[in-house]
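# Overview (structure and organization)
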There are 2 protein chains.
Amino acid sequence: MTITSQDVLRAAQKLQGVAVRTPLLTSAAFDGLVGRQVLLKAENQQLTGSFKFRGAYNAVGNLNESQRHRGVIGGSSGNHAQALALAARQLHTKATVVIPGDAPAAKTDAIKALGARIITYDRIREQRDAIVYETAHSKGLAIIPSSNHRSVIAGAGTVAWEMVQDAPRLAVILVPIGGGGLAAGTVLAAHAYNPRLKVIGVEPVTANDTHRSLRAGRAVLIPPPATIADGLRHTRPESLPFEIIKSLISDVITVPEGAIVDSMAYLWSHYHTAAEPSGAVALAALLHAPRSLPDGPVGVVVSGGNADWAEYRTLLDIAMERKERNAHAIPVLR
Amino acid sequence: MTITSQDVLRAAQKLQGVAVRTPLLTSAAFDGLVGRQVLLKAENQQLTGSFKFRGAYNAVGNLNESQRHRGVIGGSSGNHAQALALAARQLHTKATVVIPGDAPAAKTDAIKALGARIITYDRIREQRDAIVYETAHSKGLAIIPSSNHRSVIAGAGTVAWEMVQDAPRLAVILVPIGGGGLAAGTVLAAHAYNPRLKVIGVEPVTANDTHRSLRAGRAVLIPPPATIADGLRHTRPESLPFEIIKSLISDVITVPEGAIVDSMAYLWSHYHTAAEPSGAVALAALLHAPRSLPDGPVGVVVSGGNADWAEYRTLLDIAMERKERNAHAIPVLR
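Cut-off values and rules
Residues numbered from 1 in each chain as written. Chains lettered and ligands numbered in written order. Predicted model: local features only at pLDDT ≥ 70, side-chain atom pairs only at ≥ 80, totals over all residues. Heavy atoms only, no water. Pairing = 2+ DSSP bridges. Helix = DSSP H or I, 4+ residues; strand = E, 2+ residues; numbered from the N terminus. Contact = heavy atoms within 4.5 Å. Axes fitted to C-alpha atoms, helices over the stretch in contact; angles between N-to-C directions. Buried < 20%, exposed > 50% of the residue type's maximum accessible area, 1.4 Å probe, protein only. Buried area = accessible area lost by both parts, 1.4 Å probe. Salt bridge = Lys/Arg side-chain N within 4 Å of Asp/Glu carboxyl O. Polar contact = N/O pair within 3.5 Å; in protein donor to acceptor, adjacent residues only side chain to side chain. Nonpolar A, V, L, I, M, F, W, Y, C, P; charged D, E, K, R; others polar. Arc of directions from axis to C-beta. Least-squares fit on C-alpha atoms with pLDDT ≥ 70 in both. Core = buried A, V, L, I, M, F, W, Y, C linked by side-chain atoms within 4.5 Å. Domains from an automatic or database assignment. Parallel < 35°, antiparallel > 145°, perpendicular 65-115°, else oblique.

## Let's talk about the sheet that holds strand E7 (residues 172-176) of chain A
All names here are of chain A.
- Spatial ordering of the open sheet is given by E1-E2-E10-E7-E8-E9, a layout of six strands whose pairing is mixed. In this open sheet, the two edge strands, each paired with only one partner strand, are strand E1 (24-25) and strand E9 (251-255).
- As paired elements, strand E2 (residues 38-42) and strand E10 (residues 298-302) share five bridges and run parallel to each other. Looking at E10, one finds that Val38 is bridged to Val298.
- Here helix H8 (residues 150-166) sits on the sheet in contact with E1, E2, E7 and E10, set at roughly 145° to E10.

See below:
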C-alpha cells in the first residue's frame, strides 16, 4: 500500500469546513532572540486540542456504511482517543478507546465527555495492541490506529499542507515524532509541495526510537521512555510511517527534557499559547540545536495543548527557575 | 471632532499587512458548557501581545513628517506603552512611555527591549497625565494617549471590524472597558456593520467607572480600583470614548474578581490560550451574567496576554481550587 500526496489532498478536501484551519503564530520578540523567522502551526487550537482530529476524522470518514454501523476502536496516549471520540460522534458511529491508566486527567475527562467507551491498560506490563485487536475481533469494530494507517497519516499531512499554503517560503519544518504518523504526513506534504523543503523530526532524548531506527536502517525497540512528553512515549517506530520517514526526512534531532520545558515557557511568554509537553518538543530543537537547522524561515508544529494544570504549572516553574539560574541560556522574557 | 466608522475603515487599510489578523478561537466543549456558540477574538496573539498595537500604529502613522521627527509620548498601564514602542520603531520615530512603577515585569521588559525610553510614576500619588503633558511640552513630543484619541479609537475598532467580517452572524460582542478606546471602536464598527448587533461592555466590579458614569449620565470619578485586571484600573472614563460609548453601547456588565480568574482558567483549559487578567474580563461576563446577554452567537474580545508567570500561576491555582470546592459552579474541565 503506497501513500502519496494525493491522499493528503483528498484528506484536506474531506477536512474542509470540519477541522479548524489553525493559525500560524508569530512573535517578533522570539524571532529576535533566535535570529530567524519562526512560524508556529498552532494545532493546540485544533478540535479536541491536537492535530490528531485530522487523521481520526479522515479515517472514520473513509469507512464504509457497514463498518461505521459496527463502530471503531483505537489505542492512544490520550489525544488520538479524544480525536477518535469526536470524529465518531460527528460521523454517527461509536468509539471505544484503549488508553494508559496514567494518561493525564485532562485527556481522560474529555474522552468521557465525548461519549466514548474507555478501556485502560498498564503501559509497562500490558500490550495495548493486543487489547485493541482482541476487543475489535470480539465486537466486530474497525481499528483506527493512532499512526499506522493510511488515512490517519494522510489526515496528519494536512497540517503541513496548510503550512506551506500559508507560508510558501519556509526553508524547514520541525515536527515531533511519536508513532510517526504526523512526521510521515508532514514529509509527504512538504515533498509534494517542494522537494527542497526540509523536514526535521524531533524526539525527546529518552524517546529516540525513530532516531536510533534510522541509524540502524530498521525499526528497533527501546525501553519505555520516561519523558514528560507523554504523547511521544513510543518504544518502536510504526511500520507504515517509518517507511515514509526513512525515505523522505532530512534528519531527526533529539532534545533533552530541559529544552522541552523551556520551549513550553516560551510558548506561554512569547506566543501566549499553552502547549502540552509533546506539543513543545519541535520548538525545543530550535533552542537546543539551532546550528543543526538550515538557514531560512522555520515552520514549527505545535502538535497539541492538552495538559493537566498541576503538571503544566510545575513544568513552567522549572523553566522560569532555569532562566533565573542560567544567564547564559536564551533568556525567557517574562 | 466626530469619529465615524469611516475612520475605522481607514485604520483597517493602514493596518493591512502590518497588524496580525488574529483568529477567532472556538471550543466545542466550552460551547456545550455555556449552551451557546462562543467566538473568541484572540488579540493576545496581536503584535506586542494586545489589541493596543492597532491604535498606536494607526495614530503614529497619521502623524506628519515633522511630528514623527520629534518623537511620540504616551502614558499606559503597560500594553499601550509596548504598542507605542513597536509602532514608533516600525515607523522610524522614537517613543517615550510613562508607566506605573508597579506594572508587571513582563510589560516593562518588553518595552525596554523595543528601545523606548521609560518614565515610571506612582499610580496612587502622582498624576500620569501631568507627567506626560510636561514631558511632551518640554521636548516637543506628540502625545499618543492610550484611549482618548481619534486614531487610537479607530485603530481599536478594527478588532470588531475583523470579527464581523469573519463571523457575520454574531448577535452580541463582549468587550472589556478600561479607558474606553476599545469599547468605543467596537461600538462604532459594530453599529456600522449592523445597527442591531449589540455590544456589551464589561468592567471589574471595583473598576466600574464607566458603569457608574453611564447611570449618572456624565463621567464620574471613582477611587483607584484594586482589581487584578491591571489594564482596566481607570478612575474615570476618557471623554472622547465615553461620548461614543454613551450613544451606542447596549449595556455595561460588572464582574467579580472570581469570575475573572475562572475565565482565565477556561481560556487555558478549553482554548489553550493565555490571557492576562484584563484580557479575560469580557469572557467573565458570560460566566457571571449569562442571562443578561441576548440569545445567539457571542463574540468575545480577549484583549491581551501579557501576564507575569508568578501572578498567572497564582490566579489559575485559585481558579482550579474554586472548581474543586464549588461543584455548583460551571466546572473547569482540566
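Now that the structure has been shown, we can carry on.
## Let's talk about unusual backbone geometry
All names here are of chain A.
- Here the phi dihedral of Thr48 falls at roughly 60°; this positive angle occurs in a residue that is not glycine.
- Structurally, Thr48 can be placed in the loop between E2 and helix H3 (52-61).
- Classification of Thr48 by relative accessible area gives buried; the value is 16%.

## Some points on the interface of chain A and chain B
- On the chain B side, the residues contacting the 25 residues of chain A number 26 residues.
- In total, chain A and chain B occlude about 2,400 Å² of area from one another, counting both sides; carbon and sulfur atoms represent 60% of this.
- At the boundary of chain A and chain B, one finds two salt bridges.
- In this structure, Asp317 of chain A and Arg313 of chain B form a salt bridge, with 2.7 Å as the shortest nitrogen-oxygen distance.
- Taken together, the connections running from chain A to chain B amount to 12 residue pairs in polar contact (both at pLDDT 80 or more).
- Elements with a minimum of two residues in the side of chain A that touches chain B: helix H6 (105-113), helix H12 (257-271) and helix H14 (309-325) of chain A.
- For the side of chain A that touches chain B, the leading source of residues is H14 of chain A, giving six residues.
- The residue makeup of the side of chain A that touches chain B, split by class, is 13 nonpolar, eight polar and four charged.

## Some points on helix H1 (residues 5-15) of chain A
All names here are of chain A.
- For H1, the complete set of buried residues consists of Asp7, Val8, Ala11 and Leu15. For H1, the arc enclosing every buried residue in end-on projection is 100°, short of the 170-degree limit, so these residues lie on one face.
- In this structure, the buried residues of H1 make contact with H3, H8 and helix H9 (181-193).
- The backbone nitrogen of Gln6 lies 3.1 Å from a side-chain oxygen of the residue at the head of H1, namely Thr4.
- Following H1 by one or two positions, Gly17 has its phi on the positive side, about 80°.

## Let's talk about the relation of the copies chain A and chain B
- For the pair chain A and chain B, the relating rotation is 180°, the translation along its axis is 0.0 Å, and the fit reaches an RMSD of 0.0 Å. The two molecules are tied by a two-fold rotation axis, judged by turn and shift. Proximity to the rotation axis, assessed at the C-alpha, singles out Thr273 of chain A in chain A; its C-alpha lies 2.2 Å from the axis.

## So, the nonpolar core
- In this structure, Leu174 and Tyr312 of chain A together with Leu174 and Tyr312 of chain B are the most contacted members of the largest nonpolar core, which totals 91 residues.
- Every residue in contact with Leu174 of chain A, bar those within four places of it in the chain, is listed here: Ile200, Val202, Ala282, Ala285, Leu286, Leu293, Val298, Gly299, Val300 and Val301 of chain A.

## Examining the domain arrangement of chain A
All names here are of chain A.
- Structurally, chain A comprises domain 1 (5-47 + 150-325) and domain 2 (52-143).
- Summarising the inter-unit geometry, the C-alpha centres of domain 1 and domain 2 are found 23 Å apart.
- Every contact between the two is made by 28 residues of domain 1 and, on the other side, 20 residues of domain 2.
- Carbon and sulfur atoms supply 52% of the area that domain 1 and domain 2 bury against each other, a total of about 1,900 Å² over both sides.
- Applying the counting criterion to the domain 1 and domain 2 interface returns two salt bridges.
- In this structure, Arg54 engages Glu162 in a salt bridge whose closest nitrogen and oxygen atoms are separated by 3.0 Å.
- Put simply, domain 1 and domain 2 have nine residue pairs in polar contact (both at pLDDT 80 or more) between them.
- Taken together, the elements giving at least two residues each to the side of domain 1 that touches domain 2 come down to H1 and H8.
- Taken together, the residues of the side of domain 1 that touches domain 2 break down into 13 nonpolar, seven polar and eight charged.

## Considerations on the sheet that holds strand E5 (residues 117-121) of chain A
All names here are of chain A.
- The parallel open sheet is built from four strands, whose spatial order is E5-E4-E3-E6. The sheet terminates laterally at E5 and strand E6 (142-143), the two strands that pair on one side only.
- By the bridge criterion, five bridges tie strand E4 (residues 95-100) to E5 in an arrangement that is parallel. By the bridge assignment for E5, Val97 is matched with Ile118.

## Overview of the packing of H12 of chain A against helix H13 (residues 281-288) of chain A
Residues and elements named next belong to chain A.
- Put simply, H12 and H13 touch, their axes get as near as 8 Å, and they point 105° apart. In this view, H12 runs roughly perpendicular relative to H13, as classed from their interaxial angle. The residues of H13 that touch H12, namely those facing Ala259, Ile260, Asp262, Ser263, Tyr266 and Leu267, are Val281, Leu283, Ala284, Leu287 and His288.
- Class assignment of the residues belonging to the contact of H12 with H13 gives a composition of eight nonpolar, two polar and one charged.

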